[in-house]
Structures are given as structure tokens and as C-alpha cells.
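Working through the structure, step by step
Letter by letter, the chains look like this.
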Amino acid sequence: TQLLEQSPQFLSIQEGENLTVYCNSSSVFSSLQWYRQEPGEGPVLLVTVVTGGEVKKLKRLTFQFGDARKDSSLHITAAQPGDTGLYLCAGAGSGAGSYQLTFGKGTKLSVIP
Amino acid sequence: GAGVSQTPSNKVTEKGKYVELRCDPISGHTALYWYRQSLGQGPEFLIYFQGTGAADDSGLPNDRFFAVRPEGSVSTLKIQRTERGDSAVYLCASSLIGIPNTEAFFGQGTRLTVV
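In this report, the structure presented in the accompanying data block is examined. Source: prediction; values computed, not measured. (Residues numbered from 1 in each chain as written. Chains lettered and ligands numbered in written order. Predicted model: local features only at pLDDT ≥ 70, side-chain atom pairs only at ≥ 80, totals over all residues. Heavy atoms only, no water.)

A few words on the state of the cysteines. Residue and element names in this part refer to chain A. As enumerated under the stated definition, the model contains two disulfides over all chains in all. The disulfide partner of Cys23 is Cys89, and the S-S distance across this bridge is 2.0 Å. In this structure the cystine formed by Cys23 and Cys89 twists about its S-S bond by roughly 80°; its chirality is therefore right-handed. Taken together, the positions of Cys23 in strand E3 (residues 19–24) and Cys89 in strand E9 (residues 85–92) put the pair 66 residues apart, joining distant regions of the chain. (Disulfide = S-S within 2.5 Å. Helix = DSSP H or I, 4+ residues; strand = E, 2+ residues; numbered from the N terminus.)

Here the focus is the interface of chain B and chain A. Taken together, the contact pairs 18 residues of chain B with 19 residues of chain A. Buried surface at the junction of chain B and chain A, summed over both partners, amounts to about 1,600 Å²; 57% is from carbon and sulfur atoms. Linking chain B with chain A are zero salt bridges. Connecting chain B to chain A are four residue pairs in polar contact (both at pLDDT 80 or more). Going through the elements one at a time, strand E4 (31–37) and strand E5 (44–50) of chain B are the ones with two or more residues in the side of chain B that touches chain A. The dominant element in the side of chain B that touches chain A, judged by the number of residues it contributes, is E4(B), at three residues. Among the residues forming the side of chain B that touches chain A, the class breakdown is nine nonpolar, seven polar and two charged. (Contact = heavy atoms within 4.5 Å. Buried area = accessible area lost by both parts, 1.4 Å probe. Salt bridge = Lys/Arg side-chain N within 4 Å of Asp/Glu carboxyl O. Polar contact = N/O pair within 3.5 Å; in protein donor to acceptor, adjacent residues only side chain to side chain. Nonpolar A, V, L, I, M, F, W, Y, C, P; charged D, E, K, R; others polar.)

Written out as C-alpha cells, the structure is:
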């Protein structure tokens, strides 16, 4: 069974601060996705990383996939109140299981104005 | 509609009753997924459809759970003899082809409460 551990589970910071969220596993994933989920809504895809060591930037968000494709991080620069939400990482298996996503428990981020 | 639509948004049922949860995927999406999200947890895979057939139902917790997609579009998740432990948000997602090659779009979910 593939497991994804996210840390921290909760994070409350002031507007303008930087933060990093981690997603770790002992399993190798063919790709890893980051989602953001608002209360009462489904997760919305932010990014997919596929290659070990890959770095992707989305405005103030920087995503990195570990060299061994077992871990990933999400770094937010100068956090804004609009960044508040639940951030989920999800790993896709390989071969026949590549469509099945394994989600972490999520990091609940609160950005205080 | 433009996105994945799930109905009802909320469902409260008594223990032992039967419920049906409906998912309308994005038009033209061949792949459809059901996930279950319990409080404080990430979504957990239940079943994956490619077209009309269930390509993988290994995530269904037991034989009280069943899902269909008879015409390759709308899907219904059926739960028999509901238990309090079934209470969760049931999420449906669809994608043009299978993940991870294309983005999966999630609906807003159906919050099921078994009392």
C-alpha cells in the first residue's frame, strides 16, 4: 500500500510570510500532483510533476519533485489571504495503476491578513 | 454544465437505508472516478470507469457499495444497508482520458450523513 505523509498538518501564518509544505513517501510514484481544496468544494489541480528533480513555478508557488520521485514540496512566497485552503498532494502509480491517485491527508493553511 | 455535477449536495439517511449518489461528468470525458473523503483525511480511491465498464473497483470497501455507468456518461454510486461509518464526502471526478495523462476535474461532492 502506497502512503503519502504530508507535513505540517496545520499551518497558520501572517500575510507576506513564506512557507513550505512537504509530501513524503517510501514509494516511488510515476507522477505527483498538488491540489487545493476549498470548504464544500472538490480539489482543484494546481500542478503535475513527472520527472525526478523537476521544479515548476506557478506565480508565487514553487513545486519540486524529489530526485527519487518519492517526495515533493510546495513553497509559497509572500503568502496572501487568498492562499488559505487545504493543500493536498496525490501520487499516481505506474502501469495499470497509473490512474489511481493516492492522496495525503492534506495541509490546512490559514493566512492571516 | 461546464463542470462535474454531483447530486444531491447533502444527504442525510438513517442507518440501514439505501442511498444513490449521482455524478454528471464533463461532456466527452471517458474516464470517471469516485473517491471518498472522511473528515480530516485526503480523498480515498473507490472505483474507476473507462467508458461504461468499471476498470478498477478495488477501492470499494465491501459488497454494500456498487457503482454503475450504463451509457458511459452519468454514474451512480449505490450504497446498501448504510452504516454510520459510511458518513463522508463522496467525490466524483472525470478526465478526458485516464490520469495522469490529462487533468481530472472534481465535482463539489455529496456529503453523506448516516444517523
